[in-house]
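Chains, contacts and geometry: an overview
Letter by letter, the chains look like this.
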Amino acid sequence: MKPKIYILVVEDEPEVLDSIVRDIAEFEEYFEIEMADTAEEAEQIIQEILDNEHMIGLILCDHVLPGKNGVDLLIEMQKSERTKPTKKVLITGQAGLEETVKAVNEANLKHYIAKPWEKKELVNITRTLLTDFVIESVKDPLKYMQVLDAQRLAEEIRTGRHITDS
Amino acid sequence: MEKTKAVGLILGIIGFIIPLMIQIPGLSLAGHLAMSIFILAAIFWMFETIPIYSTSILVIFLEVILLSAEGLISHTDASYSPVAYTQFVATLADPIIILFLGGFVLADAAVKYNFDRNMSRILLKPFGTDPKYIILGLMAVTAVLSAFMSNTATTAMMITVIIPILAKTDVSDPARISIALCIPFAANIGGVATPIGTPPNAVVIAALNQQGVGIEFGSWMLYAMPLAIVMLIVAWYLLLKLHPPATSTLNLDLKGEWMKNRKAYTLYIVFALTVILWISESLHGIRSSIVALFPVAVLTLTNTFEKEDIRKLPWEVLWLIAGGISLGIAMKETGLADWVIGSIAWDQMGYLLLLSLFGVVAIVLSNFLSNTVTASLMIPLGISLATSGIIEGPASILIIGLVIALSTSFAMVLPISTPPNAIAVSTGVVKTKDMIVAGSLIGAIAMILIILMTRFYWPYIL
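On a predicted model such as this, the values are computed, not experimentally measured, just so you know. (Residues numbered from 1 in each chain as written. Chains lettered and ligands numbered in written order. Predicted model: local features only at pLDDT ≥ 70, side-chain atom pairs only at ≥ 80, totals over all residues. Heavy atoms only, no water.)

1. Here's the deal with the nonpolar core
Counting residues in hydrophobic clusters, the biggest one holds 196 residues, and the most contacted among them are Leu67, Leu138 and Phe410 of chain B. Formed jointly, this core draws a minimum of three residues from each of two domains, domain 1 (1-89) and domain 2 (95-311) of chain B. Ignoring any residue separated from it by four or fewer positions in sequence, one finds Phe410 of chain B in contact with Ile189, Val192, Leu227, Met231, Ile363, Ile442, Gly443, Ala446 and Ile450 of chain B. Judged by nonpolar contacts, the second largest core, of 23 residues, contains Ile46, Ile56, Val71 and Met77 of chain A. (Core = buried A, V, L, I, M, F, W, Y, C linked by side-chain atoms within 4.5 Å. Buried < 20%, exposed > 50% of the residue type's maximum accessible area, 1.4 Å probe, protein only. Domains from an automatic or database assignment. Contact = heavy atoms within 4.5 Å.)

2. Topic: the sheet that holds strand 3 (residues 55-61) of chain A
All names here are of chain A. The parallel open sheet is built from 5 strands, whose spatial order is 2-1-3-4-5. The strands lining the two open edges of the sheet, one partner per strand, are strand 2 (32-36) and strand 5 (111-114). Taking each pair of neighbouring strands and ignoring which way they run, the sheet shows an average axis angle of 20°. Its contacts with the sheet place helix 1 (residues 14-23) against strand 1 (5-10), strand 2, strand 3 and strand 4 (87-92), and it is angled at close to 170° to strand 2. On the sheet, helix 5 (residues 119-137) packs against strand 1, strand 3, strand 4 and strand 5 and is oriented at approximately 155° with respect to strand 3. (Pairing = 2+ DSSP bridges. Helix = DSSP H or I, 4+ residues; strand = E, 2+ residues; numbered from the N terminus. Axes fitted to C-alpha atoms, helices over the stretch in contact; angles between N-to-C directions.)

3. Comments concerning the packing of helix 19 (residues 351-368) of chain B against helix 20 (residues 371-387) of chain B
Residues and elements named next belong to chain B. Between helix 19 and helix 20, whose axes approach to 9 Å, the crossing angle comes to 165°. Taken as axis vectors, helix 19 and helix 20 run roughly antiparallel relative to one another. Like other packed secondary-structure pairs, helix 19 and helix 20 cross with a definite hand, here right-handed. Facing helix 19, whose interface residues are Leu354, Phe358, Val361, Ala362, Leu365 and Ser366, helix 20 presents Asn371, Thr374, Met378, Leu381, Gly382 and Leu385. (Parallel < 35°, antiparallel > 145°, perpendicular 65-115°, else oblique. Left-handed = near helix turned anticlockwise from the far one by under 90°.)

4. Side note on the pairing of strand 3 of chain A
Residue and element names in this part refer to chain A. Summarising burial for strand 3: 6 of the 7 residues are buried, a large majority. In this sheet, strand 3 lies alongside strand 1 in parallel orientation, the contact comprising 6 bridges. For Val10, the partnering residue across the bridge sits in strand 3 and is Cys61. Bridge count between strand 3 and strand 4: 4 bridges; the pairing is parallel. Looking at the pairing, Leu58 lines up with Lys87 of strand 4. Read from strand 3 through helix 3 (residues 70-79) to strand 4, the crossover connection turns out right-handed. (Right-handed = clockwise from strand over helix to strand, strands pointing away.)

5. Some points on the side chain of Thr83 of chain A
Residues and elements named next belong to chain A. Mapped onto the secondary structure, Thr83 falls in the loop between helix 3 and strand 4. Of the residues examined, Thr83 reaches a relative accessible area of 2% and is grouped as buried. Within the structure, the side chain of Thr83 is placed 2.7 Å from the backbone oxygen of Met77, a separation counted as a polar contact. With near-sequence residues (within four places) excluded, Thr83 lies in contact with Ile46, Leu50, Ile56, Met77 and Lys88. (Polar contact = N/O pair within 3.5 Å; in protein donor to acceptor, adjacent residues only side chain to side chain.)

6. Remarks on the domain arrangement of chain B
Taken domain by domain, chain B holds domain 1 (1-89) and domain 2 (95-311). Centre-to-centre separation of domain 1 of chain B and domain 2 of chain B, based on C-alpha positions: 36 Å.

7. Overview of the interface of chain A and chain B
Tallying the contact residues gives 16 residues for chain A and 34 residues for chain B. For the pair chain A and chain B, the two sides together bury roughly 2100 Å², of which 56% comes from carbon and sulfur. Summed over the three residues of chain A that lose the most area to chain B, namely Arg158, Arg161 and Asp165 of chain A, the buried surface amounts to 39% of that side. Inspection of the region where chain A meets chain B yields 2 salt bridges. Between Asp116 of chain B and Arg158 of chain A there is a salt bridge whose closest N-O contact spans 2.6 Å. At the surface where chain A touches chain B, the tally comes to 13 residue pairs in polar contact (both at pLDDT 80 or more). When grouped by side-chain class, the residues that make up the side of chain A that touches chain B number 6 nonpolar, 5 polar and 5 charged. (Buried area = accessible area lost by both parts, 1.4 Å probe. Salt bridge = Lys/Arg side-chain N within 4 Å of Asp/Glu carboxyl O. Nonpolar A, V, L, I, M, F, W, Y, C, P; charged D, E, K, R; others polar.)

8. Details of the pattern of salt bridges
All names here are of chain A. Here the structure, examined in full by the defined rule, presents 16 salt bridges over all chains. Residue Glu11 is joined to Lys115 by a salt bridge in which the shortest nitrogen-to-oxygen separation is 2.9 Å. With Glu11 in the loop between strand 1 and helix 1 and Lys115 in the loop between strand 5 and helix 5, this residue pair connects regions lying 104 residues apart in the sequence. Accessibility expressed as a relative area gives 0% for Glu11, which makes it buried. Arg152 is the partner of Asp132 in a salt bridge, and the nearest nitrogen-oxygen pair spans 2.3 Å. Here Asp132, found in helix 5, pairs with Arg152, found in helix 6 (residues 150-160); they are 20 residues apart in sequence, far enough to count as distant.

9. Considerations on the packing of helix 7 (residues 131-148) of chain B against helix 11 (residues 217-242) of chain B
Residues and elements named next belong to chain B. At their nearest, the axes of helix 7 and helix 11 sit 11 Å apart, and the two run at 155° to each other. In this view, helix 7 runs roughly antiparallel relative to helix 11, as classed from their interaxial angle. Viewed along their axes, helix 7 and helix 11 form a crossing whose handedness is right-handed. Across the interface between the two elements, Lys132, Tyr133, Ile135, Leu136, Met139, Ala140, Ala143 and Phe148 of helix 7 pack against Phe217, Leu232, Ala235, Trp236 and Leu240 of helix 11. Looking at side-chain class alone, the contact of helix 7 with helix 11 contains 12 nonpolar, no polar and 1 charged residues.

10. A few points about helix 6 (residues 115-124) of chain B
Since the α-helix advances by 3.6 residues per turn, residues separated by three or four positions end up pointing in the same direction. Along helix 6 of chain B, the positions that sit buried rather than exposed are Phe115, Asp116, Asn118, Ser120, Arg121 and Leu124 of chain B. Tucked into the core, helix 6 of chain B has its buried residues touching helix 6 of chain A together with helix 5 (95-112), helix 7, helix 8 (151-168) and helix 12 (262-279) of chain B.

11. Notes on the environment of Thr372 of chain B
On the secondary structure map, Thr372 of chain B appears in helix 20. Thr372 of chain B sits in the buried class, given a relative accessible area of 0%. With 159 residues separating them along the chain, Thr372 of chain B and Val213 of chain B place their C-alpha atoms 20 Å apart. Every residue in contact with Thr372 of chain B, bar those within four places of it in the chain, is listed here: Ser166 of chain A together with Pro199, Pro200, Val203, Leu320 and Ile321 of chain B.

As structure tokens, then:
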């Protein structure tokens, strides 16, 4: 079985979760989208995904969650070898400066999206970060050209020599 | 393991065993073993049970242990005097491999210093804004670059050039399809123009060299480039007929700047000098494989091409070519190639029919298999056909070599036919159906031209 790349969305408010997932629906054909409403549930899902030899390309995570908060979840993922490459994004209205700084410093936070967000912004960030992930972690970037940044993936083929004449 | 791979593994092993279980009259033990290796390699290459370059490595390994004088089997058969193992291993340093190594270093250095992209920018300028001529320009530039660089790297680079154009054209404009298809087609076509354009050329040239038929860099261009030029124009015309652009102007947004530092200048000069020396071989007499050491030496000693760059070279392609060459050696030395040729009643067919048969089989196989693999499987048989006198006529050995090399490169029907095709389809702009239609027409026309050349062109210039 070919390893799949997952997008994980963690958000406790059902309407917000829905609207995030709806906004990034265009990636669904090429990436698996998983949802969790608490950090604990997210951890469980992450474990399942990894157990099945798949990868998590991107996590879009709310900060204020019942139980463990989003920033702590991201830091934990950063510390673990297999979720370290995952691109980490906070979507939140309530993370304070201190926590945000912590996320940047300790979780290698790639982006901070303030609520309410614009669909276009979310889609662009998702595309950019998934392209980064594919370039860094996937051997054959060809099949993602259609949905991600084709220009950058072609450039990667040109300079990275993933594919050669045969 | 995927199903097809597993099937390949089982078939490969069965195929390997069969020749060892039966006794073929007139074929030595070594011939039987060579047949085992040939069948195993063919099946593994077809099913891609293991990566195609590892099949090539396996071929060399099996030849060394089963067929060489130093191997595990003592060959007492009078009809086979065992080859030294060094002969199988030495294919890795075959002059044609060295030529390719030079080409790879040059091409990778060109990418490193953006020489390829800047060249495309300069070369595209004169083609204006008419979509028809822009497509012609894109094709010409792609073909020229892919004649000296890998077809795949050239395609990837040109895709980065066309993506901004595609983004600006209307989604319903057929121009998008012709633009996206013209790049891989031109890259495939450009590859035939020079010996270093594409790996099948290497396999064929090496096999010819072993028969004492040397081919100069410029001579190859004389034999093959006219076909490349004609086919480029044919492909252009076809694409415009099949997918005529709706818009009347296209803007090529060509930004970029030449790198201006010592290393970049070194590369520009070395690139130009090497190409000039290659093309002018008949004037100075220095072999192209010796010239190829010049860029390798100068670019590394000036640190223009560094350790990391050397590591990133596509070494597996060199293994792939070497495996093909050594398979040919084994088939020839053990008498297998002659036996195969001798066991088929070729004399029923005329000269042209035979050449056409080889060409058609090559192009059909190569649509499904790697081009290099196709050339590797066919060239030993083709050469035997010529050396055994079944096909005669002037320079028949060279002509059959050209037919095989050129036919394999004109296989561009499917996304899997060549890596450039795969890249183009991955953009999502081109449907596989469009590629099949245009690719089949191009393949058919090329095949006809190649056969005409065997009759009306090559005999007069060889």
